[in-house]
Amino acid sequence: MKSTALLALVATGLLAACSSARDERLQTAPANSTPIAHNTIVDCPVYDGMKKSSLVLAQTTAGNEVQVTDTINAYFVRVRLDKDGQTRMGYMDRRCFGERGSK
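Bear in mind that the values here come from a model prediction, so they are computed numbers and not experimental data.

Chemist: How would you sum up the overall build of the chain? Please name residues and give values.
Modeler: In terms of helices and strands, the chain carries 1 helix and 6 strands. Going from the N terminus to the C terminus, the chain shows its helices and strands as α-β-β-β-β-β-β. The buried share among the 103 residues of the chain stands at 22%. Long-range contacts, defined here as pairs at least 24 residues apart, represent 42% of the contacts in the chain between residues at least 6 apart.

Set out below in structure tokens:
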């Protein structure tokens, strides 16, 4: 009985170690370090966070070029924007760029 409990404890420990190592690898994966320039198709705000209730850092107009530095999630991308002689980093809604071609 004790050997069965010990075996179950060791197996659980190994599974937990593998799971946590996988999670750390996913969290520390380097982002694409090369910004990619995109033009907006509509007027869009650049937020300081990933919520539409976040502070607006800048407002872009249709046709402005921004550099996408990271694709954060299904709704937002991290961008770098040069406006009025200043470089601002923030978040924009993905819909500001329209549909991308299929891969």
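Chemist: Tell me what's going on with the state of the cysteines, and back it up with residues and numbers.
Modeler: Tallied over the full model, the rule gives 1 disulfide. Covalent S-S linkage joins Cys44 and Cys96, the inter-sulfur distance amounting to 1.9 Å. As the torsion about the S-S bond is roughly -105°, the Cys44-Cys96 disulfide counts as left-handed. Residue Cys44 is found in strand β2 (residues 44-47), and its partner Cys96 is found in the segment after β6 (86-93); the two are separated by 52 residues along the sequence. In this structure, Cys44 and Cys96 share a single accessibility class: buried.

Chemist: Lay out the side chain of Thr60 in plain terms, naming residues and giving numbers.
Modeler: Inspection of the secondary structure puts Thr60 in strand β3 (residues 56-60). Among all residues touching Thr60, those that are not within four sequence positions of it are Thr40, Val42, Asp43, Cys44, Val46, Val66, Leu81, Lys83 and Met92.

Chemist: Could you give an account of the packing of aromatic side chains, naming the residues involved and the relevant values?
Modeler: All chains considered together, the criterion is met by 1 aromatic pair. Where Tyr47 meets Phe76, the ring centres are 6.3 Å apart and the plane angle is 80°; that geometry is what we call edge-to-face. With Tyr47 in strand β2 and Phe76 in strand β5 (residues 76-83), this pair connects stretches of sequence that are 29 residues apart. Look at Tyr47 and you get buried, because its relative accessible area is 9%.

Chemist: Give a description of unusual backbone geometry that names residues and reports values.
Modeler: With a phi angle near 55°, Asp84 is a residue other than glycine that sits in the positive phi range. Examined against the element boundaries, Asp84 turns out to sit in the loop between β5 and β6.

Chemist: Give me the lowdown on the pairing of strand β4 (residues 65-70), citing residues and values where you can.
Modeler: With 4 bridges connecting them, strand β1 (residues 36-39) and β4 associate as antiparallel partners. By the bridge assignment, Ala37 is partnered in β4 with Gln67. With 3 bridges connecting them, β4 and β5 associate as antiparallel partners. Along β5, the bridge assignment pairs Val68 with Val79.

Procedures and definitions
Residues numbered from 1 in each chain as written. Predicted model: local features only at pLDDT ≥ 70, side-chain atom pairs only at ≥ 80, totals over all residues. Heavy atoms only, no water. Helix = DSSP H or I, 4+ residues; strand = E, 2+ residues; numbered from the N terminus. Buried < 20%, exposed > 50% of the residue type's maximum accessible area, 1.4 Å probe, protein only. Contact = heavy atoms within 4.5 Å. Disulfide = S-S within 2.5 Å. Phe/Tyr/Trp six-rings, centres within 6.5 Å; stacked < 30°, edge-to-face > 60°. Pairing = 2+ DSSP bridges.

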